[in-house]
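Residue-level structure breakdown
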Amino acid sequence: MSYLRNYKKYYQIVFTLIPMLFSIAFVLFRSVLLLVLTAVSLFVTVGAVPIFRKRENLWMFLLAAFIMIPINLYMIFALFSIDSLAGYDLIYKILYGGMLYCVFFSAEEILFGFITRLIWKKQYKISI
Amino acid sequence: MSYPMLVNWTDIKIINKDEVIIKDRLVGDCYTLDWYTAWFASKLDGKTDPYKIDRRLSYDDVEELLDELDDMDLLRCRRILARDFAEIYLTLWIPRESISFRIASFIINKLLLFLWLPVFVLSIFYFFDSSVHINDEYLLLGYFIGLISGLIIHESGHMFACLAYGGQVFEIGVFIKGIFPGAYTLTNASNLKKRMQRVQISAAGIEANFLFAGIALFMATWSKTLCGFFFEFAVANVFLAALNLLLVDGIDGMAIMGELLGIDDLADKTKMIKKSKSKKRKIASKGITGKLSIFVCYIISVVKIAIPIIILISVMELILCLI
């Protein structure tokens, strides 16, 4: 029985790693399909893993924060490789990059949070 | 507004023939007044001389009544409110709620809700597809007009959404906090039971900015002489929308995230968790959800770094412009 319990734990961990794999694959192969798969797998993960149940938004926030790191960085580097922005100083690029990362992060969290709330309407209230 | 005025965020409720309750909807405090004082307070509209409301009252009587109301923070004398050191709020408009205005708000809110995304996305594709040459004329003018009108559009978005769902809009105004100017809409949406309605009220400003950025991009594509003006107008609106998406205290993004996560006063809780170790220990003892909540609060507090970065970039841009 303990073997079975461990098996359950492992499958939960593997499930949470799948969106991360899609996210890294998107950066490597630059396919829009992989970007869509990353987002879809995020929702599937949140819906499938039992520990996330009734607290989907909180877990989605955490998962999206880590899983979107490669994609956000890729988008920022891709933006700076445009001819009109390529000539900027390094300090400018770091500052703009930081600002863009915060904007991308906030926008994604709101978007994912919104869709999560639409799918899983009834969740436990989080009291801090 | 040359005379004292009862603050516009109060509700007057008659309990019996002797007592009246005045509720401060902003703070949530309730005050019990005698019927005469409440009647006197209701007559203070900013246009009426308080000494002429009731001729039977002596100068001292009126002063006493005004002092009593002032002690409860129920009076305001000017459009400018100084709330704290280097924090000034200027009231621009106090909307009068009518049924026709609410119906109009409902229609505008629905249009905003369903149009902002398609208009913005289509305009971007159309603009880049048309390979428009952006001329250098009126760039700066376009940006500044875009910023100012973007602020008005943003606050109007909040107002229309709030009125559409049956919330209260007390006033629209501008403020200066330290050296940073901004605009605000004072609303009360606590009576709304649906979470998504409260989310829409907070998000409506951002949606309005994206909608107008999209319209400006279409205009930039069609207009050859004013292409630069409309392009910068769109840039200013996208900048305002992006700024308001940030998960930073006092910004719309934080209010939206608080509603979506289901955490009341997310900004205050984030601050509290960072400061109080005992509170942190207490939350962590709630198990994995408690620990996760603390972690989420820490992640949110990292986004704060965007504000000094934006200030630094703005200062650097300004210096470069001057040089």
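Quick caveat: nothing in here was measured; it's all calculated off a predicted structure.

**Describing the overall build of chain B**
Within chain B, the secondary structure is distributed over 11 helices and 9 strands. Reported as C-alpha extents along the three principal axes, the dimensions of chain B are approximately 75 × 60 × 45 Å. Taken over 323 residues, chain B has a buried fraction of 46%. Accessible area of chain B: about 17,800 Å², with a carbon and sulfur share of 64%.

**Overview of the overall build of chain A**
Tallying secondary structure elements over chain A gives 6 helices and 0 strands in all. The secondary structure elements of chain A, listed N-terminal to C-terminal, are α-α-α-α-α-α. Across chain A, the fraction of contacts at a sequence separation of at least 24, relative to all contacts at a separation of at least 6, is 67%. Of the accessible surface of chain A, which amounts to about 7,500 Å², a share of 73% is contributed by carbon and sulfur atoms.

**With respect to the nonpolar core**
Ranked by size, the top nonpolar core spans 77 residues in total, and within it Phe61 of chain A together with Leu246, Leu247, Leu261 and Ile300 of chain B carry the most contacts. The biggest single contributor to this core is helix H6 (residues 90-119) of chain A, with 10 residues. Those residues in contact with Phe61 of chain A, other than ones at most four positions away along the chain, are Phe105 and Glu109 of chain A together with Leu247, Met257, Leu261, Val296, Ile299 and Ile300 of chain B.

**Quick look at unusual backbone geometry**
The phi dihedral of Lys54 of chain A falls on the positive side, at around 70°, and the residue is not glycine. Within the chain, Ser131 of chain B stands out as a residue other than glycine whose phi angle is a positive 40°. Among the structural elements, Ser131 of chain B can be located in the loop between helix H3 (99-129) and helix H4 (139-164). Accessibility expressed as a relative area gives 62% for Ser131 of chain B, which makes it exposed.

**Concerning the packing of aromatic side chains**
In total, this model carries 22 aromatic pairs over all chains according to the counting rule given. For the pair Phe61 of chain A and Phe105 of chain A, a centre-to-centre distance of 6.0 Å together with 85° between the ring planes defines the contact as edge-to-face. Highlighted residues: Phe61 of chain A in helix H3 (residues 56-67) and Phe105 of chain A in helix H6, separated in sequence by 44 residues. According to the relative accessible area criterion, Phe105 of chain A is buried, its value standing at 6%. Stacked on the ring of Phe175 of chain B, the Lys or Arg Lys177 of chain B has its end atom at 5.8 Å from the ring centre.

**Details of the environment of Ile71 of chain A**
Residue and element names in this part refer to chain A. Mapped onto the secondary structure, Ile71 falls in helix H4 (residues 69-80). Each C-alpha atom of the pair Ile71 and Phe43 lies 17 Å from the other, and the pair is 28 residues apart in sequence. Excluding anything up to four places from it in sequence, Ile71 contacts Ser23, Phe26, Val27, Leu35 and Thr38.

**Quick notes on the side chain of Glu87 of chain B**
Residues and elements named next belong to chain B. Its location among the elements puts Glu87 in strand S7 (residues 87-93). Here Glu87 is buried and forms no salt bridge, its nearest opposite-charge partner Lys177 lying at an N-O distance of 4.6 Å. In this structure the side chain of Glu87 is engaged in a polar contact, spanning 2.9 Å, whose partner is the side chain of Tyr89.

**Quick word on the sheet that holds S7 of chain B**
Residue and element names in this part refer to chain B. One open sheet holds the 4 strands; their spatial order is S6-S7-S8-S9, and the pairing between them is antiparallel. The open sheet has two edge strands with one neighbour each: strand S6 (80-84) and strand S9 (180-188). Sheet twist, expressed as the mean angle between neighbouring strand axes with direction ignored, is 30°. In the packing of H4 onto the sheet, the strands contacted are S7, strand S8 (168-177) and S9, and the crossing angle to S9 comes to about 10°.

**Notes on a nonpolar patch on the surface**
Taken together, Ile179, Phe180, Ile311, Val315, Ile319, Leu320 and Ile323 of chain B make up a surface patch of nonpolar side chains, about 710 Å² in accessible area. Counting residues per element, the nonpolar patch draws most heavily on helix H11 (residues 306-322) of chain B, at 4 residues.

**Description of helix H2 (residues 32-48) of chain A**
Over its 17 residues, H2 of chain A extends 24 Å from the first C-alpha to the last, a length consistent with the 24 Å expected when each residue adds 1.5 Å. Listed in full, the buried residues belonging to H2 of chain A are Leu34, Thr38, Ser41, Leu42, Phe43, Thr45 and Val46 of chain A.

**Describing the confidence of the model for chain B**
A low pLDDT score tells you not to read the predicted coordinates there in detail. Of all residues in chain B, 100% attain a pLDDT of 70 or more, and the chain-wide mean is 89. ipTM for the predicted complex: 0.91, alongside a pTM of 0.89.

**Here's the deal with the interface of chain A and chain B**
How large an interface is tends to be reported as the accessible area lost when its parts come together. Tallying the contact residues gives 30 residues for chain A and 41 residues for chain B. Summing the contributions of chain A and of chain B, the shared interface buries around 3,200 Å²; its carbon and sulfur component is 79%. Joining chain A to chain B, the criterion identifies 1 salt bridge. Of the charged contacts, one joins Lys125 of chain A and Asp264 of chain B as a salt bridge, the two residues approaching to 2.8 Å between their closest N and O atoms. Counting the contacts that link chain A with chain B gives 6 residue pairs in polar contact (both at pLDDT 80 or more). Taken together, the residues that form the side of chain A that touches chain B break down as 21 nonpolar, 5 polar and 4 charged.

**Some details on the state of the cysteines**
Residues and elements named next belong to chain B. A complete count under the given rule lists 0 disulfides over all chains for this structure. Free of any disulfide, Cys30 has its nearest neighbouring cysteine sulfur in Cys162, separated by 19 Å. Note on Cys30: relative accessible area 48%, which makes it partly exposed.

**Describing a negative patch on the surface**
Residues and elements named next belong to chain B. Side chains of Asp18, Glu19, Asp29, Asp34, Asp60, Asp61, Glu64, Asp67, Glu68, Asp70, Asp71 and Asp73 sit close together on the surface and give a patch of like negative charge. Of the residues forming the negative patch, the biggest block, 7 residues, is contributed by helix H2 (residues 59-71). On the secondary structure map, Asp73 appears in the loop between H2 and strand S5 (75-76). Overall, the relative accessible area of 56% leaves Asp73 in the exposed class.

The rules behind each value
Residues numbered from 1 in each chain as written. Chains lettered and ligands numbered in written order. Predicted model: local features only at pLDDT ≥ 70, side-chain atom pairs only at ≥ 80, totals over all residues. Heavy atoms only, no water. Helix = DSSP H or I, 4+ residues; strand = E, 2+ residues; numbered from the N terminus. Buried < 20%, exposed > 50% of the residue type's maximum accessible area, 1.4 Å probe, protein only. Areas by Shrake-Rupley, 256 points an atom, 1.4 Å probe, with all protein chains shown as cover. Contact = heavy atoms within 4.5 Å. Core = buried A, V, L, I, M, F, W, Y, C linked by side-chain atoms within 4.5 Å. Phe/Tyr/Trp six-rings, centres within 6.5 Å; stacked < 30°, edge-to-face > 60°. Lys NZ or Arg CZ within 6 Å of the ring centre and 35° of its normal. Lys, Arg positive; Asp, Glu negative; His and termini not counted. Salt bridge = Lys/Arg side-chain N within 4 Å of Asp/Glu carboxyl O. Polar contact = N/O pair within 3.5 Å; in protein donor to acceptor, adjacent residues only side chain to side chain. Pairing = 2+ DSSP bridges. Axes fitted to C-alpha atoms, helices over the stretch in contact; angles between N-to-C directions. Patch = residues over 30% accessible without salt bridge, like charges linked within 9 Å, V, L, I, M, F, W, Y side chains within 5 Å. Expected span 1.5 Å × (residues − 1). pLDDT = per-residue confidence, 0-100. Buried area = accessible area lost by both parts, 1.4 Å probe. Nonpolar A, V, L, I, M, F, W, Y, C, P; charged D, E, K, R; others polar. Disulfide = S-S within 2.5 Å. Charge placed at Lys NZ, Arg CZ, Asp CG, Glu CD.

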